[in-house]
Amino acid sequence: MATTETLFQLNLLDKRAALIQTDVLGIETETSTHGGRVEKGHQNYFCTFSEEIELIKQAEAAIIAGEEIISSLYAYRSVSQSIPEISLSDYATEELTVDEKAELAAKTAEINQKLIEILRPEIGKMVTLMGYVMNVINLFNSFVVHGCKRKESAPELFKLYFLDILDTLMKIDCIKDLKISLKKDFERYKRALGTNAAMEMIEETNQLQQFLDGSDPKKQKRYILMTIRDETKRVLDHESFLIGCIDLALEQLQDELYLLPEEKFKFARVVPFLLVIADGDVDSGKQGNIFKNGKLKAKEVQRFFQTNIVCPLHMDINLTLEPILHLAANYSLSKRDRYGATPSREACDMYDVELFWEPIRSSYADFMARIASALHKYRKYPFEKTVDDVSIEVSFDAYHLVMQGLRYLSSWSTILRQLLAWKFTHPREASSIPVEELEVLVDGSEYAQALRFNFNEDETRYVVDILFMIKSVAREMLQAQAVLADYLRFHIHHAVQQMIQGDLLPLLHRLDKRNKPILPTLINIRSMAVDWLNGVEKTFDYREYTRKQGRVLIKEHPARVVPPSSSQLFVLRMEIASLFDAGSEVRSAASVFSKTDLEGPDVELFESFYHASFFYPYILDYPRYVREITDFSCLWMREHFLEMGRSVQFPIDVSMPWVLTSCLLANAKANPLLIEKALYVLDIYNDAAAHVLHRMNEQYLYDEIEAEANLVVDQFVFLLGDEVYDHFKAIAASMVLDQGVRAKMEELKGTMHLRVTHPAFGTLLQQQSVQLLGRSVNLSYILTQSMMQKLHRDIDVAIERFEAGDARGIVDLHQLLKILRTQHALLSEYFRLDDFDQALHEVDESFSPTGFKGRISLHLGSSIATDLLPNFAYNVFTERFIPSPVAVRPKEYKKGPKQSAVQAAYGAEFFKAFDVAAKMHRGFFGRLHLETMAAGLDAKVVILPMIVDQLLKFVCDKLIDISEYLEALAAAIELDMRVPGHARMTSQEFFGYFQRKLLPLLGFDDLKPEVFQNFREVGNALALFKDLSALLQLKDWRDAGVLAGVTTLFPMAQREAQINPAKVIVDIVAQSRAREDTDSCAHSLAALDKVPVLIERQLEIMAQTFQNADDGGSVFRWVLGRLEEHLYQQNLTLEWSLFGQLDQQRKVQALQNPVDKYRAQMQNVYQTKSFARIWSQLVFLFCLDDEEDEEDLDPDELNDRFADDLEPTVVLTNAGEFGHGFVLAGTVLLHILKQKPAYDLLDVTTRVCRLMEYEQLHPDLAAVRPSQQPASAQPSPNLSLYSQQQSRFYSTSRKLHDVYRLVLQTMENSHEGKASYARSSIDRTTYKSTDLFA
């Protein structure tokens, strides 16, 4: 924790981010001894159990050595398995010569010698193990002999160490039998040794053979257990001592006189072994049958077996207790059910973690609140070293707080260890597991059956939650050590002095009055641990004691925070236990009528002190025991299953830490609170690494743990990044999605699946220092990189999807980028991400601050120029572009991203909703798309300048193409198209006359695909300019309106005379948000008068804004001005002039007679190749359609369909194919060239329609009008359909003429328009002559 505080001080960690993992220790300096409780100094203390203490001292040394041997034996792996079998016996044939046989024998001997050298260290380990076991068995017999000698007076602590020795031996015995690798190496060594070895080696081999395999058939398994049983039988009355040990183990379990889970399991493990050792042979009769021995509490033993079915032995090795009894000769199989052979439902519930989860959560919440409150109090009121009621009470509370925490940790850890033992001993049947999953896990199928497939989802969640609570409590207790240490030591010192100086007084007083010989012994015991005030010994204070005083509460002793040593405490507890023992001298009456020296209240005090002092060593060094209790390395260790499966290592999929982690990630959406506990699961690797390095001393196991931990962390970060990214993506999509669409989608599905809550794993995302295997992992930094990579990927997917379609995809692109921008903003609350605009420009490849040609802009411009303009039909009424039924210039786009990538970019849950909403704008290109273009994708991608420039160049190029085609058409048209005698023609005759005149043009191959198409493309481009300009003008007016509202409507607060303009703006904004209503205009002006400088500046801004919103700021007018310049520069103004070429115009101007001048002008109008004349004839041809079945179609229906942006399904007309772009292009050119009046004069189509209208109004006059054309020359076209086509054309043209007349009038009055006219070098009177047609 000190390391973490240092990082905080150096500002390397964010204090706002909560730490959600335990304190991981590396190499540290220990402040307390971890050795035994009996030191060499015990010889300086007075003790009546010196012999027992000497045996206990030997037992402690044997137990410490046994722990190392058990770890080494558990981690043992076969060496011979990695050595290939080399056999030369196949080459030994009768054909070999003597020398060859000798050479073969020498090579064989050399190979065997190498094998012996390789395996000799392993054999040495086996010899060491065997020697240790034999020594400990002898020590075990010494305990039995001494215990039988003392009989019932044997100290309880002596028996507890006896149980420790037995448990150590049984662990070694069980692991040895399970380790096949030991026997493999020994057999390989034995074969290599042969029969020609030295006698010492042969003898050693025979001893190892007996130790590993057992020469006696009865000892082939459980050799150590059977050897102990045989040795114990030689001790007289050993049954009584062993039964006393069984009773002690059951009492310890019943009274919960243990703290560590391993201590509880120890008491449970030794009971069946003690029964086997105490049981005699079959022919020994009832006296040797332990199960019928009257001293054995059979009911309690049976109850124990019924409630304890399985028990952990070591790591992944577990014991089922009842089968051990089968080794007892007198055990009756017919009574197996009494000993739990068939577990009851109540017994199985002891291993059901679900039943314990709720109580654990309740205890956890209560304890965390208690320890937080206590630490706050202790930090606020520091420890004072004084012996008074307050200090005693506060220290007592601190002691019980730590004691309760240790109890909770022990109980919860025991539950998890028992659950794991149950799963290991009750694996899932292979038949109930899907075959395809087991086939993948060939190497770890047994392990997977026990763990991965043996835990359901709820059990996994409970395990993670309990693991989280254990680690959280442990972290709090470790952090509180510095605060609580003085209180704990003070309490223990005071409790010991209270027993020595106070609670022992009544007993000493009675012994002194009765002259008991045991008094000096008790006084010596007292002097061993007493701490007199000021060093003044109270030798005879017990004589001053009276019964009236009752219990003496001691406060007159030094205020120390130094507890008694482990030897003092050990000897003191042993002597106190001997006092209240039932057979002690002070509890025995001298006669029937006399009283005992130790009365009932005294017995209760001594027993209470004895039981409480059992936990003093744990409390004094509680950080060590907290780490030992919370060590869950067993969740990773799998050496036993590796031995069973003969595997080198299991895949990560069956590893318990990854099983728990993957479950958290898989259920992150269903249980988002669990994801924060993932780091506690990863802490299992820290536990396992610390265990194998500091206890097992096995580097190769650490390497395996490190390799798996690295892989798991990589997978965890990858999957966590996906979960976090998808979660924030869902939140962003939910915010961007139209509320109406969301409500409708949820209504159709009947669920609220499109509503996402904010994340519950924010703390996890801010972890900057995750301790793993001694390294600090900046989880936040790694996730930040992952988030940026995913954002870049989604931006690229969005742009790729846009590049795979036409310009209509700009709205989808904008919506997707809006989702990503919102997601970026949400993620920025937890991560230090790069700027979104920077990422967008990077993916868009638009790095230059002045460059407009990014991927988006280039594709949009290309799509508009090569697809939208040539292949879409514009509707002037709806102001939309729709795909033309026939693509004249089809464009192929590149292949887009995969559908799965697009769904991921939107979010899996929201893709369908956005797809449904997008169908409303995917069928056309209109105002919504232009708004997106004008906004430049939230004003971050510059699109508009490049698009305008590119389209303007496109239009100019197309005008050159049009001029070439019009020149060819003008050559094919008769110069004088005036109709002789047209006043007497009917509409049918008039129409037929022009149809015959223009009939050659219908055979022109490029009429539709080039002429009409080029006009359509130019018209579509101008329509795009027009709609875009109107949109921008509306935006300027909107901005002006907003500014006007801010400056004149919102009230400001009354302030002092001198007002800061910046503060005024803040007040305006704040008050506008706080209230919707407005005060009077006078009040507003009065407030604004206080800041005249600010008002003047705001008025200037308003004026400039309105000026920008005025006509002079129109993009469309600017485009028309550029087109006019282009026509002039390309000499098209003269070529398409109304009055012919320049020399013809000058001849007309030279005429003096006005009548001759007028006639000459009219002659030029009818005979020149002016644009108005050619356009009128193109319009006539445009209104003609080649389809013969058009008369079957109702013209009104066709007009309605086109007006509704629906493609005609029956007849494809020119209007349906080319749209209104054709009309728009001609109309604009007429107005730019000032030829609209001339067009009205020359417009044949309009004259035909007006004749038809006249004939419909006056049918009698039309019937008597004589025909001027021969009957054979009068065609009979479908004039009615032509009239309908012309009517729609006329309505469209009239609408456009009205618009452009106003536009061009504004241009003439503007500086830009005047400048363009000034550049003309021809006589201005030429243009003024257009007044003839007004």
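Note that the structure is a prediction, hence the values are computed from the model and not measured.

1. Digging into the overall build of the protein chain
Part 1 of the argument: Secondary structure assignment for the protein chain yields 58 helices and 6 strands.
Part 2 of the argument: The 1334 residues of the protein chain split such that 52% are buried.
Part 3 of the argument: A separation of at least 24 residues holds for 81% of the contacts in the protein chain among residues at least 6 apart in sequence.

2. Side note on the packing of helix α9 (residues 261-278) against helix α11 (residues 298-307)
Between two packed helices, what matters for the description is the angle formed by their axes and the separation of those axes.
Part 1 of the argument: Packing of α9 against α11 leaves a shortest axis separation of 11 Å and a crossing angle of 130°. When the axes of α9 and α11 are compared, the pair comes out oblique. When the axes of α9 and α11 are compared, the crossing they make is left-handed. Contacts from Ala 268, Val 271, Pro 272 and Leu 275 in α9 reach Val 301, Phe 304 and Phe 305 in α11.
Part 2 of the argument: Split into classes, the residues belonging to the contact of α9 with α11 amount to 7 nonpolar, no polar and no charged.

3. Observations concerning the packing of aromatic side chains
Each aromatic ring pair is summarised here by two numbers: the centre-to-centre distance and the angle between the ring planes.
Part 1 of the argument: Following the criterion strictly, the structure yields 45 aromatic pairs and no others.
Part 2 of the argument: Ring plane angle 25° and centroid distance 5.0 Å describe the contact between Tyr 447 and Phe 650, whose orientation is recorded as stacked. Of this pair, Tyr 447 sits in helix α17 (residues 445-450) while Phe 650 sits in the loop between α26 (639-645) and α27 (656-666); the two residues are 203 residues apart in sequence, bridging distant segments of the chain.
Part 3 of the argument: Residue Tyr 447 is classed as buried on the basis of its relative accessible area, which comes to 0%.
Part 4 of the argument: Residue Phe 650 is classed as buried on the basis of its relative accessible area, which comes to 5%.
Part 5 of the argument: Where Phe 1015 meets Phe 1171, the ring centres are 6.4 Å apart and the plane angle is 35°; that geometry is what we call tilted. Here Phe 1171 lies in helix α49 (residues 1171-1182) and Phe 1015 lies in helix α41 (residues 1007-1048), a separation of 156 residues in the sequence. A single burial state applies to Phe 1015 and to Phe 1171, both of which are buried.

4. Some points on the pattern of salt bridges
Part 1 of the argument: According to the stated counting rule, one finds 51 salt bridges in the structure shown.
Part 2 of the argument: If you follow the salt bridges from partner to partner, you end up with Asp 167, Lys 171, Glu 262, Arg 269 and Arg 417 in one network.

5. A few points about the confidence of the model for the protein chain
Part 1 of the argument: In this model, the protein chain carries an average pLDDT of 78, and 74% of its residues clear a pLDDT of 70 or more.
Part 2 of the argument: Contacts from residues 1186-1195, a stretch scored under 50 in pLDDT, to residues over four places away or in other chains number 15 contacts.
Part 3 of the argument: In the predicted structure, residues 1310-1334 sits below a pLDDT of 50 and forms 40 contacts with residues beyond four places in sequence or in another chain.

6. Comments concerning the nonpolar core
Soluble globular proteins: nonpolar side chains tend toward being buried together.
Part 1 of the argument: The biggest cluster of nonpolar side chains holds 362 residues, and the ones touching the most others in it are Phe 1015 and Leu 1178.
Part 2 of the argument: Looking at which element gives the most residues to this core, the answer is helix α29 (residues 699-736), with 17 residues.
Part 3 of the argument: Formed by 6 residues, the second largest nonpolar core is a distinct cluster that contains Ile 309, Val 310, Ala 421 and Trp 422.

7. Notes on a negative patch on the surface
Part 1 of the argument: Among the surface-exposed residues, Glu 251, Asp 255, Glu 256 and Glu 300 lie close enough to one another that they form a single negatively charged patch.
Part 2 of the argument: Examined against the element boundaries, Asp 255 turns out to sit in helix α8 (residues 238-255).
Part 3 of the argument: Looking at Asp 255, the relative accessible area reads 45%, which means it is partly exposed.

8. Focus on the pairing of strand β5 (residues 872-875)
Part 1 of the argument: In β5, alternate side chains face the same way, and those of Phe 872 and Tyr 874 on one face and Ala 873 and Asn 875 on the other are all buried.
Part 2 of the argument: When β5 meets strand β6 (residues 880-883), the two strands line up antiparallel, connected through 4 bridges. Paired with Asn 875 across the bridge in β6 is Arg 880.
Part 3 of the argument: The turn joining β5 and β6, which pair antiparallel and follow one another in sequence, is formed by 4 residues; a positive phi near 55° is taken by Glu 879.

9. Observations concerning the environment of Glu 989
Part 1 of the argument: By the secondary structure assignment, Glu 989 is in helix α40 (residues 987-1002).
Part 2 of the argument: Separated by 259 residues in the primary sequence, Glu 989 and Val 1248 place their C-alpha atoms 9.4 Å from one another.

10. Overview of a positive patch on the surface
Part 1 of the argument: A surface patch of like charges, here positive, comprises Lys 292, Lys 299, Arg 303, Lys 335 and Arg 338.
Part 2 of the argument: Considering the arrangement of structural elements, one finds Lys 335 in the loop between α12 (321-324) and α13 (345-349).
Part 3 of the argument: With relative accessibility at 36%, the residue Lys 335 sits in the partly exposed group.

11. Focus on the side chain of Thr 822
Part 1 of the argument: Relative to the helices and strands, Thr 822 resides in helix α33 (residues 810-827).
Part 2 of the argument: Excluding residues that lie within four positions of it along the chain, Thr 822 makes contacts with Ala 732, Met 735 and Val 736.

12. A closer look at the pairing of strand β2 (residues 317-320)
Part 1 of the argument: With 4 bridges connecting them, strand β1 (residues 310-314) and β2 associate as antiparallel partners. Each residue of the ladder has a partner; that of Pro 312, found in β2, is Asn 318.
Part 2 of the argument: Counting the residues in the hairpin turn of β1 and β2 gives 2 residues, including Met 315, whose phi is positive at 55°.

13. Overview of unusual backbone geometry
Part 1 of the argument: A positive phi angle, close to 60°, is found at Asn 534, a residue other than glycine.
Part 2 of the argument: Structurally, Asn 534 can be placed in the loop between α21 (519-529) and α22 (566-580).
Part 3 of the argument: Taking relative accessible area as the criterion, Asn 534 reaches 70% and is therefore assigned exposed.
Part 4 of the argument: Positive phi, close to 55°, is recorded for Leu 773, a residue that is not glycine.
Part 5 of the argument: Among the secondary structure elements, Leu 773 is positioned in the loop between β3 (770-772) and β4 (775-777).

Criteria and cut-off values
Residues numbered from 1 in each chain as written. Predicted model: local features only at pLDDT ≥ 70, side-chain atom pairs only at ≥ 80, totals over all residues. Heavy atoms only, no water. Helix = DSSP H or I, 4+ residues; strand = E, 2+ residues; numbered from the N terminus. Buried < 20%, exposed > 50% of the residue type's maximum accessible area, 1.4 Å probe, protein only. Contact = heavy atoms within 4.5 Å. Axes fitted to C-alpha atoms, helices over the stretch in contact; angles between N-to-C directions. Parallel < 35°, antiparallel > 145°, perpendicular 65-115°, else oblique. Left-handed = near helix turned anticlockwise from the far one by under 90°. Nonpolar A, V, L, I, M, F, W, Y, C, P; charged D, E, K, R; others polar. Phe/Tyr/Trp six-rings, centres within 6.5 Å; stacked < 30°, edge-to-face > 60°. Salt bridge = Lys/Arg side-chain N within 4 Å of Asp/Glu carboxyl O. pLDDT = per-residue confidence, 0-100. Core = buried A, V, L, I, M, F, W, Y, C linked by side-chain atoms within 4.5 Å. Patch = residues over 30% accessible without salt bridge, like charges linked within 9 Å, V, L, I, M, F, W, Y side chains within 5 Å. Areas by Shrake-Rupley, 256 points an atom, 1.4 Å probe, with all protein chains shown as cover. Lys, Arg positive; Asp, Glu negative; His and termini not counted. Charge placed at Lys NZ, Arg CZ, Asp CG, Glu CD. Pairing = 2+ DSSP bridges.

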